[in-house]
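# Examining the three-dimensional arrangement
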Amino acid sequence: DSEPIVLPNTTFEVIENNSKEIVYQSKSSSKGEFEIEIPYASQFFIRLKLGDAEPLVVSLDIPKNKDKQANHEIVVVSSRYIPLQQSDNH
């Protein structure tokens, strides 16, 4: 098991699930903190861009009640795997 790391100065995009449209884009602070602006009610995911590495996709639930402001921690789990290859015998 590895320890969580903070992702400072990381570009991220908020993307609407159905249309795949980027509705908000920003960058985390040097401490890895960020704010997200959700323009309308829908389902969204976040894509993190980490330099030359493959972007990471984060799915999360955001409360619909705009009156409540809260701080959330987002944990990104990156699991690298090698896809199974088809055998010539099958």
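Quick notes on the rules
- Residues numbered from 1 in each chain as written.
- Predicted model: local features only at pLDDT ≥ 70, side-chain atom pairs only at ≥ 80, totals over all residues.
- Heavy atoms only, no water.
- Helix = DSSP H or I, 4+ residues; strand = E, 2+ residues; numbered from the N terminus.
- Phe/Tyr/Trp six-rings, centres within 6.5 Å; stacked < 30°, edge-to-face > 60°.
- Buried < 20%, exposed > 50% of the residue type's maximum accessible area, 1.4 Å probe, protein only.

Even without being glycine, Asn 9 reaches a positive phi, approximately 50°. Locating Asn 9 in the fold gives a position in the segment before β1 (11-16). Unusually for a residue other than glycine, Lys 20 sits at a positive phi of about 65°. In this structure, Lys 20 sits in the loop between β1 and β2 (22-27).

The next subject is the packing of aromatic side chains. One pass over the full model with this rule turns up 3 aromatic pairs. With 5.7 Å between their ring centres and 55° between their planes, Tyr 40 and Phe 44 make a pair best called tilted. When its relative accessible area of 9% is taken as the criterion, Phe 44 is described as buried. Here the aromatic cluster, defined as three or more aromatic residues joined through ring pairs, consists of Phe 12, Tyr 24 and Phe 34.

Take it as geometry only, folks, not as evidence of what the structure does.
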